[in-house]
Amino acid sequence: MTARLLAYARISPGGVLSALGAHVTRKGWPELGDVAPGPLGLPVLRARWFFDSPFSKFGRMDPLCKAAVACSQLVAAALPADRDEVAQVGGTMLGCLEADAQFEATRRAGNPSPALFVYTLPSMFQGEVAILHRLRGRCTLLSAGALSGLAALATAVRWIEKGRARHVLAIAADAAGPAAQAIDPSREPQTAAAAWLLSGEGGRLGIGNVRYNAPRGNARELAPGSLRHGLTFVDTLEPLLLGVEPGAVWAGHGGSSVAFDIAG
């Protein structure tokens, strides 16, 4: 069974993009009412930008969860009615690093924060997404360095191909701030998320024939784009998906690679 792309969304320093079928919407941060980047490379995300009704819990989330949950909301209109059949695959390079660092600071100060502690789990954003959209399918989280986002997408495709899930929401997300910059001072802080909603039916674009650590062959090689960390290749893949450019694509980093085919 071929996996079909029903919807796609991306939140990054460049703004917000959502694609439901052939309809693509792009908005820069000034259009949403905020032009000042926050300490993690994005403006502080506001629930009113993504939700039609008040969502007070959103304001209490850590930046990783906010980015992932907001991205999931951008594709929510295409979610199937039977949420028992919707699985999740997450991809992240940094996980909860920033929340860990903030919580550790409160612990060292002698007043460990319960509000921060709840987010010291790299898969917490998947829990928040599952609660919000009432998803009850299988769930896994992958961390594969710069390939984390593409590995999540590829795994979601394989689940549908192998009949392990009828629909899969794949989310790649990283929140990078002071803690990440302390590890690698050469990189500016950047937070971003992307979501792909896949199904075994519908959709105008197919993704299949996933290959891990295979030779590139005649596949189109994806170059690193402007996004970083676990989303390193997400923005260079994006135009191929939105434009439905068929063919094989391949991305490699650090001796590992992932490849798959795009079909109309």
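Per chain, residues are indexed from 1 in the order of the written sequence. With pLDDT at 70 or above as the cut-off, local features in this predicted model cover only qualifying residues; side-chain atom pairs require 80 or more to be listed or tallied, and sums for whole chains, interfaces and linings still use all residues. For side-chain calculations, the full set of non-hydrogen atoms in the structure is used, while hydrogens and water are omitted.

Next up on the list: the overall build of the chain. Each helix and strand counted, the chain has 8 helices and 11 strands in total. In terms of C-alpha radius of gyration, the chain reaches 18 Å, essentially the compact-globule figure of 18 Å for 264 residues. Over its C-alpha atoms, taken along the principal directions, the chain stretches across nearly 55 × 40 × 35 Å. Taken over 264 residues, the chain has a buried fraction of 52%. For the chain, the accessible area works out to roughly 11,500 Å², and carbon and sulfur atoms hold 53% of it. Only four residue types enter the tally: Lys and Arg on the positive side, Asp and Glu on the negative side, with His and both chain ends excluded. To locate a charge, take atom NZ for lysine, CZ for arginine, CG for aspartate or CD for glutamate. Positive and negative side-chain charges in the chain, numbering 25 and 21 respectively, have mean positions lying 3 Å apart. Helix and strand definitions follow DSSP, with helices as H or I runs of at least four residues and strands as E runs of at least two, each counted in order from the N terminus. The atom set for the radius of gyration is the C-alpha atoms, and the globule formula is 2.2 Å times the number of residues raised to the power 0.38. The classification of residues rests on relative accessible area computed with a 1.4 Å probe and restricted to protein chains. Under 20% of the type maximum is buried, over 50% is exposed, and intermediate values are partly exposed. Working definition of accessibility: Shrake-Rupley area with a 1.4 Å probe, residue cover restricted to the visible protein chains.

With that settled, the discussion passes to the layout of surface pockets. In the cavity and pocket records, a cavity denotes points on a 1 Å grid over the protein atoms alone where a 1.4 Å probe fits but cannot get out, a pocket denotes an open set with protein on both sides within 12 Å along at least 5 of 7 lines, and lining residues are residues with an atom within 4 Å of a point. Grid points are joined across faces, edges and corners, and a volume is the space filled by probe spheres set on the points. Considering only enclosed or pocket space, the largest pocket measures out at about 300 Å³ in volume. Looking at the largest pocket, it is lined by 18 residues, and the ones nearest its centre are Ser18, Lys27, Trp49, Phe50 and Leu74. Counting residues per element, the ones that place at least two in the lining of the largest pocket are strand S2 (15–20), strand S3 (23–27) and helix H2 (63–74). Top contributing element to the lining of the largest pocket by residue count: S2, with 5 residues. A volume near 180 Å³ is recorded for the second largest pocket. Lining the second largest pocket, in full, are Gly38, Pro39, Leu40, Leu42, Pro43, Val44, Leu45, Met61, Pro63, Lys66 and Thr191. Classifying every residue of the lining of the second largest pocket gives 8 nonpolar, 2 polar and 1 charged. Gly falls in the polar group here, along with every residue not listed as nonpolar (Ala, Val, Leu, Ile, Met, Phe, Trp, Tyr, Cys, Pro) or charged (Asp, Glu, Lys, Arg).

With a probe scaled to a water molecule rolled over the atoms, the places where space remains empty come into view. Inspection of the entire model under this criterion finds 1 cavity of 30 Å³ or more. In this structure, the largest cavity encloses a volume near 100 Å³. Residue assignment for the lining of the largest cavity shows that the elements contributing at least two residues are strand S1 (3–12) and helix H8 (234–242). No other element matches the 4 residues that S1 contributes to the lining of the largest cavity. Considered class by class, the residues forming the lining of the largest cavity number 9 nonpolar, 1 polar and 1 charged.

Time to look at the pattern of salt bridges. Criterion for a salt bridge: a side-chain nitrogen of Lys or Arg within 4 Å of a carboxyl oxygen of Asp or Glu. Taken as a whole, this structure holds 9 salt bridges when the rule is applied. Residue Glu238 is joined to Arg10 by a salt bridge in which the shortest nitrogen-to-oxygen separation is 3.0 Å. Here Glu238, found in helix H8, pairs with Arg10, found in strand S1; they are 228 residues apart in sequence, far enough to count as distant. For the pair shown, Glu238 and Arg10 are each scored as buried. Residue Arg220 is joined to Glu245 by a salt bridge in which the shortest nitrogen-to-oxygen separation is 3.3 Å. Remark: Glu245 occurs in the loop between H8 and strand S10 (247–253) and Arg220 occurs in strand S9 (residues 220–221); sequence separation between them is 25 residues. Judged by its relative accessible area of 33%, Glu245 is partly exposed.

Now for the pairing of strand S6 (residues 167–175). Of all the 9 residues making up S6, 9 are buried; the element is thus mostly covered by neighbouring parts of the structure. Here S6 shows no split at all, with His167, Leu169, Ile171, Ala173 and Ala175 on one side and Val168, Ala170, Ala172 and Asp174 on the other all buried. Each pair of strands is called paired provided DSSP finds at least two bridges between the two strands. Bridging between strand S4 (residues 86–91) and S6 involves 6 bridges; their strand directions are parallel. Residue Gly90 lies in a different strand from S6, and its bridge partner there is Ile171. Note: S6 against strand S7 (residues 191–199), 9 bridges, orientation antiparallel. Pairing of Val168 across the sheet is with Leu198, part of S7.

Turning our attention to the side chain of His133. Structurally, His133 can be placed in helix H5 (residues 124–133). Taking the relative accessible area as the measure of exposure, His133 reaches 6% and is therefore buried. In this analysis, two residues are considered to be in contact whenever any of their non-hydrogen atoms come within 4.5 Å of each other. Discounting residues that sit within four places of it in the chain, His133 has contacts with Ser72, Gln73, Ala76, Leu79 and Arg83.

Our next topic: the side chain of Thr155. For Thr155, the location among the structural elements is in helix H6 (residues 148–161). Among the residues examined, Thr155 registers a relative accessible area of 14% and is labelled buried. A polar contact of 3.3 Å, which involves the side chain of Thr155, links it to the side chain of Tyr212. Beyond its immediate sequence surroundings of up to four residues, Thr155 is in contact with Val89, Leu142 and Tyr212. N or O atoms within 3.5 Å of each other form a polar contact, as long as, within protein, one can give a hydrogen and the other can take it, and as long as residues adjacent in sequence are counted only when both atoms are side-chain atoms.

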